[in-house]
Amino acid sequence: MRRLAGAQEAGLVLVIVLIGVILAIRGGTKQKQFRIEVAQSATVVEYYADGTEGEPGARPLPQVAGWNVTTDSGTETYAKNNGYSYNAGQNAVFGRKTVNKFLDQENLVLVAKDASFIAIMAVGMTAVIILAGIDLSVGAIYGLAALIGAFALKNVVGDDAGLLVSVPVGIGVCCLVGAACGAANGAMIVGLRVHPFVITLGTMAAYRGIIFVLSKGQSVGQFPESFTSGFFKAEIAGVYPVPVIVMLLVGAVGVFLLSKTVVGRQVYAVGGNETAAKYAGIPVGRVKIIVYTLLGLLAGLSAAVYLGYLGAAEPNAGMAYELKVIAATVIGGASLMGGRGSAMGAVLGAIVIQLIDNGMIILGVDQAYNQIVMGVAIIIAVVIDQAKTRLAPKG
Amino acid sequence: MSVTLADSNNNEFLRVEGVSKRFGITQALSDVSVSFRSGEVHALMGENGAGKSTLGKAIAGLHKPDTGTIALDGKQLRLGSIDDAFAAGVRIVHQELAQCPNLSVAENLCLHDLPCSKLGTVDFDEMIKRAQDLVHRLDPAIDVRKPLGELSPGKRQICQIAASLEDGARRGGSSPRVIVFDEPTSSLSIAEADRLGEIVRELAEQGLTVIYVSHRMGEIFSCCDRVTVLRDGRFVATNNVSEIDEATLVEQMIGKRIVTPTGKIESETSEAEALQELSGIDSAHAPPGSVVLKAESISSPGTLHKISLEVRAGEVLGVGGLVGAGRSELLAAIFGLDSKATGTVTVGQRSLPMRDVRAAIKAGIGLVPEDRRHEGLFFQLGVDENIVAPRMPALANRKFPFGLRRRQAEMGVVNQRVEKFHVKTASTSSKPGELSGGNQQKLLIARWMGKETKVLLLDEPTRGIDVGTKAEVYKLIRKAVDGGLAVVLVSSEMPELLALSDRIMVLADGVCTGTLEGDEMTQTGVLTLATQESAAAL
């Protein structure tokens, strides 16, 4: 089975590469404009092919290899091929270049960021689905955690707080709110013996309602910079890698918890055969509550990343995320019948979902079709999964 | 086909000839021939698995026999066709109350053919009239407008009989001529069962053939005319009830008998002895040690009534009884699975909280459930985790959040148990689905084969496995018992129960009707106690 699971994940990687290649080839290119602000005192220096400096401000010659912009903060060299053009007349340098729509650095960062938000929650959702449960309220938990986290950051922490205050408080509040919501779901599912679908359908509406009551429909922003550009949107080597790092960490912890801990294995046991689990002395109720709480906690963590990245909590943040999160876990190989699924699959599933989303934009498909394609993708994933189960040899 | 009349006073109406039926490896019926008359109540009797229910269902067209013929009034029925049987006037009243409790009695009765008005809507007046016509013949007190679920089990049973009395003319069939009752009283109170008996007699007096499948002695003698006994899927005899006594009937159900000089019927235990020999069990093994498990006045509403038992180390206590007597329920209650159970359970000196499975496991009780597919195994997990599931928390590093597994310790346990209980598997990570049925069962028992288990509760430990594996399982269980394990064994297979048990406690209708020891442990003894009607109404 472990080999089979490996095959499942290898298959997903293949799908991801395939979609990437298709998008890179079929997506075409676009003209990308850029503009470099130049300080009043800036000088633009051209270089000739032999490396010697030309006259500042002079018209470049065809064989010119590059130009330098000297601003207050230093000198940067820009290549002059690929259709670059510039106009150094108005305190700014304008450039234009042709880039691949998909492989463009900005696009890839966008996909990675969006995938991270989904993947962090999908790892928790996988555990819930292995348990043969479901949680429709993740999107609402995400939104509520973000909102309360935003309140805390804005009103309690203060604008000029340092990294060591804002980050722990922001993450802590978001995770705490998320975990509390998740624990409430779990406790009601176990205590009231109601199907999780019904309980979380109810809490989805209730949590979303709380968001609107608390926010009065307004978005909450203005956080300490140490939380946003200082941490979650920190620029390293020209990209914003923190959301992806968080996603990878969560994925790794998820893989570890599900395979190496007692509770992790009990999750598989309960999901595979709840009666047998009871007969084997597994505390079924406790396992369920733990799993729903963890999913809530991860929704809170995802909300913290979102807050830090975007710098504000919107009242409709996380709307319809349950669809994407559940789709990611199902595409990642979790069985809605319970007993099967993996954290790594969930992360890969989230990337697939986000690539599909991104691909629609790149291929110029109307955004309105987005939901249709997402729905079809879920159904295809489930059908493939079932066909595989049927074809698998049985003893 | 030619119907041969067996004797002159035989107004034979329904004839079953040479019927055989096989389910997988079980031969449920082999070459059974029975003749039924019109206007009689004809009982089908036998032990669990004797084939009496299968025969009843074959007559009603629910099962298709592999060979043989069934003829009604000289006309042959198409085998395995419910429609054909219905058209000919054969009806069946099921053992289970398979109805829709949320719908009204009238709707349940007319569900297959709801009367419609001209507009295509349901004609409720017509429906209620039809339902009343049927039900009030049997019990005028039943309000057919009420939801079925609000009726007592007895009244529901009456509604089901009423449904079977429906004239088939509307569906192009005959009026009812043969009615099969499949264990009709299994969920009824004594008063309700009495009323049912009256109804059955009335139906027979109206000229119907009533086929009455039951294992309750009392009912046979109070309302049946003739009784046919089946054993292991074979026909044994058809008797006039007026000419037979209980002991003879029991004897027919069990098999070959020898009568001792004292006149006491002694079962021939050769089969049990053969089993013992095959599995190398020495019936004269070491005397049992101190009491390990003590359960006192275990009760559960509707299933168990004040049952007490004691098991010693190195002893097997058998629990006998018929299906529905409460044997599995007793094990579940001791193990803490029954959320309504009361009483006390003590392991060694320690008294256990009731209704707490984990406390039971911690104290050293293990349970091998009856249904390994649904209650026992995790088919998505490997052999290793299936074995180690109850032990995993104890083996783990619990300082770590969620308990860090200790794979090496786990694998040690797994390997030891796979070896000790001879589980044949390609690897310890194979899925249970890749194992044979016998090995799945061994896997399930192996789960508890460690020093931490002091008492093992076995519920039908060899169901559906082949003879060779059975013998191996017996040998391994006995070996564990000789090593000091205490076992409570529930089995419907008489030879198994007799071969493995040191003592046998018999249940009937949730009450302990007696405990047999030494020479008293015979099939006759067990069956006599098992068919006793309990005085204590639940």
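Residues numbered from 1 in each chain as written. Chains lettered and ligands numbered in written order. Predicted model: local features only at pLDDT ≥ 70, side-chain atom pairs only at ≥ 80, totals over all residues. Heavy atoms only, no water.

Considerations on the overall build of chain A
Piece 1. Each helix and strand in chain A was counted, giving 13 helices and seven strands.
Piece 2. The buried share of chain A, taken over its 395 residues, is 50%.
Piece 3. Pairs at least 24 apart in sequence give 74% of the contacts found in chain A among residues at least 6 apart. (Helix = DSSP H or I, 4+ residues; strand = E, 2+ residues; numbered from the N terminus. Buried < 20%, exposed > 50% of the residue type's maximum accessible area, 1.4 Å probe, protein only. Contact = heavy atoms within 4.5 Å.)

Some details on the nonpolar core
Piece 1. Counting residues in hydrophobic clusters, the biggest one holds 129 residues, and the most contacted among them are B:Leu293, B:Ile365 and B:Leu457.
Piece 2. Looking at this core, the element that brings in the most residues is helix α17 (residues 467-482) of chain B, giving six residues.
Piece 3. Not counting the four nearest positions on each side in its chain, B:Leu457 is found in contact with B:Leu293, B:Leu331, B:Ile334, B:Phe335, B:Ile365, B:Gly366, B:Leu367, B:Val368 and B:Val488.
Piece 4. Formed by 104 residues, the second largest nonpolar core is a distinct cluster that contains A:Ala119, A:Ala122, A:Leu258 and A:Leu295. (Core = buried A, V, L, I, M, F, W, Y, C linked by side-chain atoms within 4.5 Å.)

Points about the sheet that holds strand β21 (residues 503-508) of chain B
Residue and element names in this part refer to chain B.
Piece 1. The six strands lie next to each other as β18-β19-β20-β15-β21-β22, forming an open sheet whose pairing is mixed. Where the open sheet ends on each side, the last strands, each with one partner, are β18 (365-368) and β22 (511-517). Sheet twist, expressed as the average angle between the axes of neighbouring strands with direction ignored, equals 20°.
Piece 2. Pairing geometry for strand β15 (residues 316-320) and strand β20 (residues 486-490), over four bridges, is parallel. Residue pairing for β20: Val 316 is matched across the bridge by Val 487.
Piece 3. Across the sheet, helix α10 (residues 327-335) is in contact with β15, β18, β19 (455-459), β20 and β21; its angle to β19 comes to roughly 150°. (Pairing = 2+ DSSP bridges. Axes fitted to C-alpha atoms, helices over the stretch in contact; angles between N-to-C directions.)

Description of empty space enclosed by the protein
All names here are of chain B.
Piece 1. Scanning the entire structure with this criterion turns up four cavities of 30 Å³ or more.
Piece 2. Taken as a whole, the largest cavity encloses approximately 80 Å³ of empty space.
Piece 3. Taken together, 14 residues form the lining of the largest cavity, with Glu 47, Asn 48, Gly 321, Ser 492 and Met 494 sitting closest to its centre.
Piece 4. Examining the composition of the lining of the largest cavity, we find that three residues originate from one element, helix α19 (residues 523-530), more than from any other. (1 Å grid on protein atoms, 1.4 Å probe; cavity = no way out; pocket = protein on both sides within 12 Å on 5 of 7 lines; lining within 4 Å. Points joined across faces, edges and corners; volume = space filled by probe spheres on them.)

Thoughts on the confidence of the model for chain A
Residue and element names in this part refer to chain A.
Piece 1. Summarising the model, chain A shows a mean pLDDT of 84, and 80% of its residues fall at 70 or more.
Piece 2. This stretch, residues 57-65, has a pLDDT under 50; its non-local contacts, to residues over four places away or in other chains, come to 22 contacts.
Piece 3. A low-confidence stretch, residues 80-89 (pLDDT under 50), is modelled with 30 contacts involving residues beyond four sequence positions or located in other chains. (pLDDT = per-residue confidence, 0-100.)

Regarding the interface of chain A and chain B
Piece 1. Across the contact, 31 residues belong to chain A and 33 residues belong to chain B.
Piece 2. Of the roughly 2400 Å² buried at the junction of chain A and chain B (both faces included), carbon and sulfur atoms supply 63%.
Piece 3. Per-residue buried area on chain A facing chain B is highest for A:Val262, A:Arg265 and A:Tyr279; these three make up 27% of the total on that side.
Piece 4. With a shortest N-O distance of 2.6 Å, A:Arg265 and B:Glu385 are connected by a salt bridge. (Buried area = accessible area lost by both parts, 1.4 Å probe. Salt bridge = Lys/Arg side-chain N within 4 Å of Asp/Glu carboxyl O.)

Some details on the sheet that holds strand β9 (residues 226-231) of chain B
Residues and elements named next belong to chain B.
Piece 1. Spatial strand order, β6-β7-β8-β3-β9-β10: six strands in an open sheet with mixed pairing. Either end of the sheet is taken by a strand with one partner, and the two such strands are β6 (90-93) and β10 (234-240). When strand polarity is set aside, the average angle formed by the axes of neighbouring strands in this sheet is 20°.
Piece 2. As paired strands, strand β3 (residues 41-45) and β9 are joined by four bridges and run parallel to one another. Within the sheet, the bridge partner assigned to Met 45 lies in β9 and is Val 229.

Brief notes about helix α15 (residues 407-420) of chain B
Residue and element names in this part refer to chain B.
Piece 1. Taking 1.5 Å per residue as the helical rise, α15 with its 14 residues ought to reach 20 Å, and the 20 Å between its terminal C-alpha atoms agrees with that figure.
Piece 2. Every buried residue of α15 is accounted for by Glu 410, Met 411, Val 413, Val 414, Arg 417 and Val 418. Buried residues of α15, seen end-on, are gathered within an arc of 160° and therefore sit on one face of the element. Exposed residues on α15 whose side chains face more than 90 degrees from its buried face are Gln 408 and Glu 419. (Expected span 1.5 Å × (residues − 1). Arc of directions from axis to C-beta.)

Brief notes about the environment of B:Ser164
Piece 1. Counting through the fold element by element, B:Ser164 comes out in helix α5 (residues 153-164).
Piece 2. Between the C-alpha atom of B:Ser164 and that of B:Arg91, which follows or precedes it by 73 residues, the distance is 5.6 Å.

A few points about the pairing of strand β4 (residues 67-72) of chain B
Residue and element names in this part refer to chain B.
Piece 1. When strand β1 (residues 12-23) meets β4, the two strands line up antiparallel, connected through five bridges. The residue bridging Ser 20 from the neighbouring strand is Thr 67, located in β4.
Piece 2. Bridge count between β4 and strand β5 (residues 75-76): two bridges; the pairing is antiparallel. The partner of Ala 71 across the bridge, within β5, is Gln 76.
Piece 3. The hairpin turn running from β4 into β5, its antiparallel successor, is two residues long, and Asp 73 in that turn takes a positive phi close to 55°.

Brief notes about the packing of helix α7 (residues 242-260) of chain A against helix α10 (residues 284-310) of chain A
Residue and element names in this part refer to chain A.
Piece 1. Interhelical geometry of α7 versus α10 gives an angle of 170° and a closest axis separation of 11 Å. The orientation of α7 with respect to α10, classified from their angle, is roughly antiparallel. Along the contact surface, α7 presents Pro 243, Val 246, Val 250 and Leu 257, while α10 presents Leu 294, Leu 298, Leu 301, Val 305 and Tyr 309.
Piece 2. In terms of residue class, the contact of α7 with α10 is built from nine nonpolar, no polar and no charged. (Parallel < 35°, antiparallel > 145°, perpendicular 65-115°, else oblique. Nonpolar A, V, L, I, M, F, W, Y, C, P; charged D, E, K, R; others polar.)

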